[in-house]
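# Inside the fold
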Amino acid sequence: VRNHVVVLSSVSCANGVVDGIGREVSGVKAVTHIEGCGRGFTDVALATRTLVGVLRHPNVYGALAVGLGCEVIKAAGLVQQAADCGKPLEFLEIQETGGTLRSIATGAGIVRPMVAAAAGQAREAADFEELMLAMECGGSDSLSGLTANPCIGKVSDWLVGQGGRVIMSEITEFIGAEAKVAAHCDSPDVRERMMALLADQRRRVKDSLGPLAHLVIAPGNAEGGLSSIEEKSMGSFAKAGSTMIRQVVEYAERPTARGLVVMNTPGSDVFSMTGKIAAGAQILLFSTGRGSPAGSPLVPVVKIASNTRLFERMPDDMDFDAGRAVAGCSLDELGAELRDLVVEVANGRPTKPELTRTELFAINSTSEPF
Amino acid sequence: VSVRNAVVIHPDDNVATVLVAIDKGATVVWDTPPGVVAQEPIPAGHKVALTTIAPAQPILKYGQPIGVASQPIAVGQHVHTHNLTGQEV
């Protein structure tokens with residue numbers, strides 16, 4: 001649904017060069033992050049999977065991976081692992097190229113022709129079954145579960161009916177809704193995996209917050225009227241719509257099943273968004289009640305306001321007013337309207353975070369760097 | 001006739017979610033009148049009790065328990081973290 005040329009850091013030490021190329025060449029997406037060396041095997045594998053996922057992403061025409069030279073996750077290795085997708089992928093190493101300024105100049109020379117070639121491509125029609133949506137909520141309020149999330153659930157039901165894929169995640173926000181989540185699982189296998197993830201997430205929240213664990217809802221959530229994690233979770237899970245969970249995947253792992261899929265990500269938005277996008281989600285539906293401006297360098301993020309006040313107060317950040325659901329519009333009507341917007345976005349209409357260039361990217365990790 | 005200013009999501013629910021800030025003494029109205037009279041100010045987006053709820057009884061929203069009452073709650077009272085205890089994580 002997009003055709004970006006990406007410049008990607010393989011390690012945080014390359015961020016200066018990647019940003020430099022981004023400034024030098026208009027029309028490229030510079031994607032940086034803070035991962036690098038000093039990580040255990042699990043996190044190296046997770047970061048590698050995420051970065052390879054960026055290179056393979058259907059919204060990416062071609063890419064340049066930039067490494068330093070002495071790092072664990074090599075730019076050449078990333079390109080090699082994504083090579084079978086047949087798109088223009090190049091790499092360079094800063095130490096080999098002769099430092100920052102030479103690398104910026106060399107890199108700019110590599111991506112300029114890619115930008116020109118990408119711009120020359122015509123948009124092609126595709127079936128909805130090729131579409132993969134991701135769902136996210138951030139900065140929820142007590143209306144999120146009444147308006148924006150069920151509205152997203154309607155769009156999810158529609159795409160699943162078309163044979164497409166929809167990823168939801170943020171396991172933290174399933175805590176307290178276990179019974180409802182279990183009832184949504186398609187098979188005993190999926191249920192077992194889902195419940196194991198939930199138990200694990202509960203333990204991690206408890207380990208980090210101790211006796212305050214039940215207050216895992218952010219201060220803004222409570223001010224907005226959410227009183228408990230189960231209240232927040234019930235509202236969050238309304239995004240699932242009425243179809244069953246077909247598969248549970250790891251962070252940044254591409255789903256093989258069609259239909260509704262759950263990914264193991266934290267509730268923290270940017271980490272969570274990045275995992276689903278790296279798995280190949282082409283558009284992300286993001287509900288917010290308090291007003292999150294978060295977007296992505298790789299995919300259009302559709303910002304769905306849970307209340308009309310927010311839609312009117314942050315017009316540069318919000319794409320859709322789901323608050324109308326409490327002013328007489330039915331969820332079916334609003335769901336159909338949101339679906340039409342998603343189709344327009346798939347056909348090229350820019351979303352608000354694309355217009356404000358709010359392009360956030362962060363890779364999850366399971367432990368501290370050493 | 002009062003204007004609708006709240007939502008009850010599920011018929012089993014014992015709380016309503018108010019859409020605007022409600023003053024003490026004002027009537028909270030959802031789909032079906034007459035509604036309930038607010039015993040205290042209810043901030044926008046917060047919950048108000050529709051029935052008397054005894055300590056340890058479940059607070060129901062979405063037709064599901066979202067916690068239990070930590071003290072007696074009267075009809076029209078604000079329901080939030082001060083009188084609702086969520087489950088332990």
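See above for the structure.
Residues numbered from 1 in each chain as written. Chains lettered and ligands numbered in written order. Predicted model: local features only at pLDDT ≥ 70, side-chain atom pairs only at ≥ 80, totals over all residues. Heavy atoms only, no water.

### Side note on the interface of chain A and chain B
Stated precisely, the cut-off is as follows: We call two residues in contact whenever any of their non-hydrogen atoms come within 4.5 Å of each other. A pairing counts as a salt bridge when a side-chain nitrogen of Lys or Arg comes within 4 Å of a carboxyl oxygen of Asp or Glu. Going along the chain from the N terminus, every DSSP run of H or I of four or more residues is numbered as a helix, and every run of E of two or more is numbered as a strand. For this classification, the nonpolar set comprises Ala, Val, Leu, Ile, Met, Phe, Trp, Tyr, Cys and Pro, the charged set comprises Asp, Glu, Lys and Arg, and every other residue, Gly included, is treated as polar.
Contact residues are listed per partner, giving 27 residues for chain A and 23 residues for chain B. Here chain A and chain B share 2 salt bridges between them. We note a salt bridge from Glu231 of chain A to Lys47 of chain B, for which the minimum N-O separation is 2.8 Å. Every element with two or more residues in the side of chain A that touches chain B is listed here: helix H8 (188-209), helix H9 (219-223) and helix H10 (229-236) of chain A. In terms of residue count, the dominant contributor to the side of chain A that touches chain B is H10 of chain A (5 residues). Taken together, the residues that form the side of chain A that touches chain B break down as 11 nonpolar, 10 polar and 6 charged.

### Looking at the packing of helix H1 (residues 15-24) of chain A against helix H5 (residues 100-119) of chain A
Residue and element names in this part refer to chain A. Test applied: Orientation is described by lines fitted to C-alpha atoms, with helices fitted over the stretch in contact, and by angles between N-to-C directions that extend from 0 to 180 degrees. Roughly parallel means an angle under 35 degrees; roughly antiparallel means over 145; roughly perpendicular covers 65 to 115; every other angle is labelled oblique. Crossing chirality is assigned from the near helix's rotation relative to the far helix, an anticlockwise turn below a right angle marking it left-handed and a clockwise turn marking it right-handed.
The N-to-C vectors of H1 and H5 enclose an angle of 50 degrees; their axes lie 9 Å apart at closest approach. When the axes of H1 and H5 are compared, the pair comes out oblique. For H1 against H5, the interelement crossing comes out right-handed. Taking contact as the criterion, the partners of Gly16, Val17, Gly20, Ile21 and Glu24 in H1 are, on H5, Thr100, Ser103, Ile104, Gly107, Ala108, Val111 and Arg112. Its residues assigned to classes, the contact of H1 with H5 shows 5 nonpolar, 5 polar and 2 charged.

### A closer look at unusual backbone geometry
Residue and element names in this part refer to chain B. Heads up, the condition is: For every residue, the accessible area (1.4 Å probe, protein chains only) is compared with the maximum for its type, and the residue is labelled buried under 20%, exposed over 50%, or partly exposed between those bounds.
Although it is not a glycine, Ala56 sits at a positive phi angle of roughly 75 degrees. Residue placement: Ala56 occurs in the loop between strand E5 (47-49) and strand E6 (58-61). For Ala56, a relative accessible area of 55% puts it in the exposed group.

### Things to note about the environment of Gly53 of chain A
All names here are of chain A. With respect to the helices and strands, Gly53 occurs in helix H2 (residues 41-56). Overall, the relative accessible area of 8% leaves Gly53 in the buried class. Taking C-alpha positions, Gly53 is 9.3 Å from Leu78, a pair spaced 25 residues apart along the chain.

### What about the environment of Ser233 of chain A?
Residue and element names in this part refer to chain A. Structurally, Ser233 is set in helix H10. Judged by its relative accessible area of 0%, Ser233 is buried. A sequence separation of 88 residues divides Ser233 from Gly145, and the C-alpha atoms of the two residues are 8.7 Å apart. Among all residues touching Ser233, those that are not within four sequence positions of it are Thr172, Glu173, Phe174, Ile175 and Ala177.

### Details of the sheet that holds strand E8 (residues 78-79) of chain B
We count it as follows: Here a strand pair is declared whenever DSSP counts at least two bridges between the two strands.
Across the sheet, which stays open at both edges, the 4 strands sit in the order E1-E2-E5-E8 (chain B) with antiparallel pairing between neighbours. Looking at which strands have only one partner, the edges of the open sheet turn out to be strand E1 (6-7) and E8 of chain B.

### Quick notes on the side chain of Asn5 of chain B
Residue and element names in this part refer to chain B. The test is simple: Identification of polar contacts relies on pairs of N or O atoms within 3.5 Å, with a donor-acceptor requirement for protein atoms, meaning one able to donate a hydrogen and the other able to accept it, and with residues adjacent in sequence counted only if both atoms are side-chain atoms.
By the element assignment, Asn5 lies in the segment before E1. Judged by its relative accessible area of 13%, Asn5 falls in the buried class. There is a polar contact of 3.0 Å between the side chain of Asn5 and the backbone oxygen of Thr27. Contact partners of Asn5, with chain neighbours within four places excluded, come to Val18, Leu19, Val20, Ile22, Thr27, Val28 and Val29.

### Quick look at the sheet that holds strand E1 (residues 4-9) of chain A
Residue and element names in this part refer to chain A. The strand order E2-E1-E3-E4 describes an open sheet built from 4 strands, whose pairing is parallel. Edge strands, defined here as strands with exactly one partner in the open sheet, are strand E2 (28-31) and strand E4 (89-93). Across this sheet, the average inter-strand angle for adjacent strands is 20 degrees, counted without regard to direction. Direction of pairing for E1 relative to strand E3 (residues 60-67): parallel, over a ladder of 6 bridges. Looking at E3, one finds that Val5 is bridged to Gly62. Contacting E3 and E4, helix H3 (residues 75-82) runs over the sheet at an angle of about 170 degrees to E4. Most of the contacts of H5 go to E3, to which it runs at about 175 degrees, and overall it touches E1, E2, E3 and E4.

Read these as spatial facts, not as claims about activity.
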